[in-house]
Amino acid sequence: MNSTKSKSGLAVAVLTALGLTLGACSSADMSTSGGAAYDDMAGWSSQEEPNPDWLDEDPANDNWRYAPVESHEEYDDTPEGPFKAVATSPLSTFSADVDTASYASMRRFIDQGAEPQGIRIEELVNYFDYNYPPPNGNSPDPFSVTTDIAPCPWEPSHLLARIGVQGMEAPNSEVANNIVFLLDVSGSMGEDNKLPLLQDSFSLLIDELGSQDVVSIVTYAGSDKVVADSIPGDQHRELKKKVRSLNAGGSTGGAKGVETAYELARKNFIEDGNNRVILATDGDFNVGPATPDELISLIEDQREDGIAISVLGFGMYNLKDNNMEAIADHGNGNYAYIDTLAEAEKVLVKEFDSTMLTIAQDVKFQVEFNPAVISQYRLIGYNNRVLEDEDFNDDTKDAGEIGAGHSVTAFYELVPAGQEGPASVDPLRYQRSNSGLGSEFFNVKLRYKDPGGTESKLVDFPVPASAFTDSPDGDFAFAAAVAEFGLILTDSDHAGYASLDSVRSLAEPNLGEDSYGLRAEFLNLVKAYRQIVD
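Everything numeric here is computed off the predicted structure, so don't read it as measured data.

> Explanation requested: the overall build of the chain in the structure shown.
Along the chain, the regular secondary structure elements total 13 helices and 16 strands. Counting every position in the chain, which comprises 534 residues, the buried fraction comes to 55%. Intrachain contacts of the chain at a sequence separation of at least 6 include 82% that bridge at least 24 residues. Per element, the accessible surface of the chain, about 21600 Å² overall, is 46% carbon and sulfur.

> Looking at this structure, how should I read the packing of helix 4 (residues 195-206) against helix 9 (residues 341-350)?
Two quantities define a packed helix pair, namely the angle between the helix axes and the distance between the axes. Following both chains from N to C, one finds helix 4 and helix 9 inclined at 35°, their axes separated by 9 Å at the closest point. Two packed elements cross with a definite hand, and for helix 4 against helix 9 that hand is right-handed. Taken together, the residues of helix 9 that come into contact with helix 4 (itself represented by Leu-197, Asp-200, Ser-201, Leu-204 and Leu-205) are Leu-341, Ala-344, Glu-345, Leu-348 and Val-349. Residue classes in the contact of helix 4 with helix 9 are distributed as seven nonpolar, one polar and two charged.

> It is not clear to me how the side chain of Thr-260 should be interpreted in this structure. Could you clarify?
Along the chain, Thr-260 falls in helix 6 (residues 254-267). Apart from residues lying up to four places away in sequence, Thr-260 is in contact with Val-218, Asp-224 and Val-226.

> Would you explain the sheet that holds strand 8 (residues 274-281) in this entry?
The strands that make up a sheet are held in pairs by hydrogen bonds between backbone atoms, and each pair lies either parallel or antiparallel. Taken in spatial order, the six strands line up as 7-6-5-8-9-10 in an open sheet, and their pairing is mixed. The sheet is open, and its two edges are formed by strand 7 (224-232) and strand 10 (335-338), each paired on a single side. The mean inter-strand angle of the sheet, taken between neighbouring strand axes irrespective of direction, is 15°. Two elements, strand 9 (residues 308-314) and strand 10, share four bridges in a ladder whose sense is parallel.

> Can you walk me through helix 13 (residues 518-533) in this structure?
Given 3.6 residues per helical turn, the α-helix brings residues three or four places apart onto the same face. Counted at 1.5 Å a residue, the expected span for helix 13 with its 16 residues is 22 Å, and the 23 Å between its end C-alpha atoms agrees. All of the buried residues in helix 13 are Arg-519, Phe-522, Leu-523, Leu-525, Val-526, Lys-527, Ala-528, Tyr-529 and Ile-532. Where the residues of helix 13 are buried, they touch helix 2 (101-111), helix 11 (474-489) and helix 12 (500-507).

> Is there a simple way to explain helix 9 in this structure?
Within helix 9 the residues assigned to the buried category are Glu-343, Ala-344, Lys-346, Val-347 and Leu-348. Seen from one end, helix 9 has its buried residues packed into an arc of 160°, which puts them on one side. Here the buried face of helix 9 lies against helix 2, helix 4, strand 9, strand 10, helix 10 (352-356) and helix 13.

> I'm lost on empty space enclosed by the protein in this one. Help?
Over the atoms, a rolling probe the size of a water molecule traces out where space has been left empty. Tallying each qualifying case throughout the model produces three cavities of 30 Å³ or more. What the largest cavity holds in volume is close to 140 Å³. Contributing to the lining of the largest cavity are 22 residues, with Val-98, Gly-333, Asn-334, Glu-401 and Ile-402 lying nearest its centre. Residue assignment for the lining of the largest cavity shows that the elements contributing at least two residues are helix 8 (321-330), helix 10 and strand 13 (400-403). The dominant element in the lining of the largest cavity, judged by the number of residues it contributes, is strand 13, at four residues. Here the lining of the largest cavity is built from residues that sort into seven nonpolar, nine polar and six charged. Approximately 110 Å³ is the volume attributed to the second largest cavity. For the lining of the second largest cavity, the secondary-structure elements that each account for two or more residues are strand 9 and strand 10. Considering each element in turn, the lining of the second largest cavity owes the most residues, three residues, to strand 9. Of the residues contributing to the lining of the second largest cavity, the split by class is six nonpolar, five polar and two charged.

> Help me understand the sheet that holds strand 14 (residues 407-416), please; the structure alone is not making it clear to me.
Strand order in the open sheet formed by five strands is 1-12-14-4-3, and the pairing between neighbours is antiparallel. Each having just a single partner strand, strand 1 (84-85) and strand 3 (143-151) make up the two edges of the open sheet. In the sheet, strand 12 (residues 374-380) pairs with strand 14 via six bridges, with the strands oriented antiparallel. Bridging across to strand 14, Gln-376 finds its partner in Val-415.

> Got a minute to help me understand the packing of helix 11 against helix 12 in this structure?
Relative orientation of the contacting elements helix 11 and helix 12 amounts to 165°, with a least axis distance of 8 Å. On the basis of the axis angle, helix 11 is roughly antiparallel to helix 12. For the pair helix 11 and helix 12, the crossing hand works out as left-handed. Here Ala-477, Phe-478, Ala-481, Glu-484, Phe-485 and Ile-488 of helix 11 lie close against helix 12, whose contacting residues are Leu-500, Ser-502, Val-503, Leu-506 and Ala-507. Class assignment of the residues belonging to the contact of helix 11 with helix 12 gives a composition of nine nonpolar, one polar and one charged.

> It is not clear to me how the environment of Gln-166 should be interpreted in this structure. Could you clarify?
Counting through the fold element by element, Gln-166 comes out in strand 4 (residues 159-167). Through-space distance from the C-alpha of Gln-166 to that of Ala-404 is 9.0 Å; in sequence the pair is 238 residues apart. When near neighbours in sequence (up to four residues on either side) are disregarded, Gln-166 contacts Tyr-130, Tyr-132, Pro-133, Pro-134, Pro-135, Pro-142, Phe-143, Ser-144, Gly-405, His-406 and Ser-407. A distance of 3.1 Å separates the side chain of Gln-166 from the backbone oxygen of Gly-405, its partner in a polar contact.

> What is the right way to read the environment of Phe-478 from this model?
Of note, Phe-478 is situated in helix 11. For the pair Phe-478 and Pro-509, spaced 31 residues apart in sequence, the C-alpha separation works out to 8.6 Å. When near neighbours in sequence (up to four residues on either side) are disregarded, Phe-478 contacts Phe-128, Tyr-130, Ala-507, Asn-510, Leu-511, Arg-519 and Phe-522.

> Just to check I follow, could you spell out the nonpolar core for this structure?
Nonpolar side chains tend to gather and get buried jointly when the protein is soluble and globular. Counting 41 residues, the largest nonpolar core has Met-106, Phe-411, Phe-485 and Phe-522 as the members making the most contacts within it. Those elements giving two or more residues to this core turn out to be helix 2, helix 3 (121-125), helix 11, helix 12 and helix 13.

> Hey, could you run me through the confidence of the model for the chain in this one?
Parts of the model with low pLDDT should not have their predicted coordinates read in detail. Looking at the chain, pLDDT values average 85 and 81% of them are 70 or higher. In this model, residues 15-69 is a region of pLDDT below 50 whose contacts with residues beyond four sequence positions or in other chains number 107 contacts.

> Would you explain the packing of aromatic side chains in this entry?
Ring pairs (aromatic) are described by centroid distance and by the angle formed between their planes. The tally for this structure, following the rule as stated, stands at 20 aromatic pairs. Considering the side-chain rings of Tyr-127 and Phe-128, the 5.4 Å spacing of their centres and the 80° angle between planes classify their relative orientation as edge-to-face. For the pair Tyr-127 and Phe-128, a shared accessibility class is recorded, and that class is buried. Aromatic side chains Tyr-377 and Tyr-412 sit 6.2 Å apart centroid to centroid with 70° between the ring planes, which places their arrangement in the edge-to-face category. Highlighted residues: Tyr-377 in strand 12 and Tyr-412 in strand 14, separated in sequence by 35 residues. Of the two residues, Tyr-377 and Tyr-412, neither departs from the other in class, the shared state being buried. Here the aromatic cluster, defined as three or more aromatic residues joined through ring pairs, consists of Phe-94, Phe-365, Phe-369, Tyr-377, Tyr-382, Tyr-412 and Phe-442. Across the ring face of Phe-109, the terminal group of Arg-108 is positioned such that the distance to the ring centre comes to 4.4 Å. For Arg-519, the ring lying beneath its charged end belongs to Phe-478, and the centroid distance is 4.5 Å.

Reading guide: rules and limits
- Residues numbered from 1 in each chain as written.
- Predicted model: local features only at pLDDT ≥ 70, side-chain atom pairs only at ≥ 80, totals over all residues.
- Heavy atoms only, no water.
- Helix = DSSP H or I, 4+ residues; strand = E, 2+ residues; numbered from the N terminus.
- Buried < 20%, exposed > 50% of the residue type's maximum accessible area, 1.4 Å probe, protein only.
- Contact = heavy atoms within 4.5 Å.
- Areas by Shrake-Rupley, 256 points an atom, 1.4 Å probe, with all protein chains shown as cover.
- Axes fitted to C-alpha atoms, helices over the stretch in contact; angles between N-to-C directions.
- Left-handed = near helix turned anticlockwise from the far one by under 90°.
- Nonpolar A, V, L, I, M, F, W, Y, C, P; charged D, E, K, R; others polar.
- Pairing = 2+ DSSP bridges.
- Expected span 1.5 Å × (residues − 1).
- Arc of directions from axis to C-beta.
- 1 Å grid on protein atoms, 1.4 Å probe; cavity = no way out; pocket = protein on both sides within 12 Å on 5 of 7 lines; lining within 4 Å.
- Points joined across faces, edges and corners; volume = space filled by probe spheres on them.
- Parallel < 35°, antiparallel > 145°, perpendicular 65-115°, else oblique.
- Polar contact = N/O pair within 3.5 Å; in protein donor to acceptor, adjacent residues only side chain to side chain.
- Core = buried A, V, L, I, M, F, W, Y, C linked by side-chain atoms within 4.5 Å.
- pLDDT = per-residue confidence, 0-100.
- Phe/Tyr/Trp six-rings, centres within 6.5 Å; stacked < 30°, edge-to-face > 60°.
- Lys NZ or Arg CZ within 6 Å of the ring centre and 35° of its normal.

Next comes the structure, spelled out in structure tokens:
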């Protein structure tokens, strides 16, 4: 990072554009408190040079030395979004995404000593919890929206804007679950980190179920098989026995298994309950529909019945990440990658409500930027979630879901007005009046449907000058560090001064309470990745 670019100078320039003034900041002014949830959040206040000794420490394990020789994995190759000029493209529209598969997949690659593939930066950022305020108890909406803006750590002449959405927690009354386990038992699942890990993972999930829940089990290989039909969820021993009895073998005919799973879900449908298929697979469909487009069509035909599908990916070398993401995205569900039993516990136990219980459906964002303050912008990540602007008001357009207690974070890199940026357009002859709104950075609009609803609701949140700070809280700093790491991993054309040293210096002082050690693990992954690239 170029230390000669002054963040306080940027603050003066930005606030001057907003028609405001900024007093001189002392070193004490640059410190910040992260609030009650985190004890050690120093914002951007740490200005020390990175200690090179951290690079000499051993990573969490030395599995990185044994990289895979050959891989047949498949990932989406949607290119990253460019900078856009506010003068010609003032609107940015995209679908919410709460998937986390890319982070766990990235961790597995780094542990093996390989360059990660298929990185989706938004999934790296959204892997972590952030201390966003929950929605007010009197709010008509099931989520709150938080916005803040600070200097961009990898391009200090730019700004970094964060939009955070926090879903309400699950209602006090227990929601009954009608769940169909759709389990891939084909030959490709025979490795230790596939079917055996799947069996251990689903045993954890079974322990979370109660007498009000109903569980069915469908397996598929060359053909599909109903292993269990509507067993009460509190029959833990019987359900675990059926899962443990499975063996891998045969080809992968997933399409018929999907159809059978939905048939069982419809048969056992619980009104006002959580009706869901959970597909566990390495994503390799070699019998029946196999391409993402064919699978999307199959899933879209089924989702209208109020039955969601979540996808759990397992294994390596043959992982079809693109297939699994497509299924979850178009099936009103979510997608996680299970590389360890600890990850299974995170997804299926600790985050059970957010994984299983939808509180807002077809959630879409539309951000309108103010040309008086911002000249250019770039949405970081969400590359395959971008929508046409007219899709925002189209209630037939599918979008993402938010689960109970789930949060969604999106970052924009912004070029302040008056600065030249990567996008280049000629000055326009005709300009719209700012109508006295020159003090706002941008306006955030969200559309969402109640679960099972067909008509969307609209909410909007103007982002005023007060959203800018020279010293954002520790959550902002840590999330920015994760985004910066994503820019490095994807070899982004817009990485600026991004570096592993910068990632470490942002993340390390902002681990907060870190109850489950996930933020500390992130630092270890950064260290291990340094050994790979060196």
